[in-house]
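Below are the chains, spelled out letter by letter.
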Amino acid sequence: MKHRYLEAGKIVNTHGIAGEVKILPWADEPAFLLSFETLYIDQQPVKLRAARVHKNCVLAKLAGVDDVNTAMRLRDKVVYIDREDVELEEGAFFLADLMGLEVRDAVSGEVLGHIDDVLTPPASNVYVVKGGAQDHMIPAVPEFIQETNVDEGYILVRLIEGM
């Protein structure tokens, strides 16, 4: 089941004395968060007044947060986005939507387990598959991933010997 609100980052600190917050984004690029007008914190919508990328973070000015003391109360809060506010490219999907998908061998049709985690090292994502006869760590590259069908709830993979 796809959740409407998706974790997009975490407020890790304040910035300056005017109430800006520093968000560590959980996206491919920090600039992803700049396109949103509204973020969600504690299930409440918060208007994004201004934002800019700074190193690997986003410095954001949120509506109603006008001083450092108010900003400090938001520290360690998770920031969410509404999936309805995002238009993904054809074939793209959110990592959160992969969690729990059934993983099948593309050749035999055997169910290998379900995606338990997605690791995001620099080279390529790695799917951690558990719940089958053995656990697998499968690089998310075309050589191994034959099909990703989030709507139908499965991924087809082609394993090599020793995986």
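A. Region of interest: the overall build of the protein chain. The helix and strand tally for the protein chain stands at 1 helix and 12 strands. Helices and strands in the protein chain line up, N terminus first, as β-β-β-β-β-α-β-β-β-β-β-β-β. Taken along its principal axes, the extent of the C-alpha atoms in the protein chain is 60 × 25 × 25 Å. Buried positions account for 36% of the 163 residues belonging to the protein chain. Partitioning the contacts of the protein chain with sequence separation of at least 6, the portion at a separation of at least 24 is 48%. Counting every atom, the protein chain has about 10100 Å² of accessible surface; 48% of that belongs to carbon and sulfur. Counting 16 positive and 27 negative side-chain charges, the protein chain places the averaged centre of each group 11 Å from the other.

B. Layout of the sheet that holds strand β7 (residues 102-105). The 6 strands are arranged β10-β9-β8-β7-β12-β11 in an open sheet whose pairing can be described as mixed. The open sheet has two edge strands with one neighbour each: β10 (136-139) and β11 (145-149). Each strand of the sheet is rotated relative to its neighbour by a mean of 30°, with strand direction disregarded. With 5 bridges connecting them, strand β8 (residues 111-119) and strand β9 (residues 126-130) associate as antiparallel partners. Paired with D117 across the bridge in β9 is V128.

C. Local environment of the environment of M99. Within the secondary structure, M99 is located in the loop between β6 (78-82) and β7. According to the relative accessible area criterion, M99 is partly exposed, its value standing at 37%. Residues M99 and G153, 54 residues apart in the sequence, show an inter-C-alpha distance of 9.7 Å. Not counting chain neighbours up to four residues away, the residues in contact with M99 comprise I115, D116, D117 and V118.

Here is what the cut-offs are and how they apply
- Residues numbered from 1 in each chain as written.
- Predicted model: local features only at pLDDT ≥ 70, side-chain atom pairs only at ≥ 80, totals over all residues.
- Heavy atoms only, no water.
- Helix = DSSP H or I, 4+ residues; strand = E, 2+ residues; numbered from the N terminus.
- Buried < 20%, exposed > 50% of the residue type's maximum accessible area, 1.4 Å probe, protein only.
- Contact = heavy atoms within 4.5 Å.
- Areas by Shrake-Rupley, 256 points an atom, 1.4 Å probe, with all protein chains shown as cover.
- Lys, Arg positive; Asp, Glu negative; His and termini not counted.
- Charge placed at Lys NZ, Arg CZ, Asp CG, Glu CD.
- Pairing = 2+ DSSP bridges.
- Axes fitted to C-alpha atoms, helices over the stretch in contact; angles between N-to-C directions.

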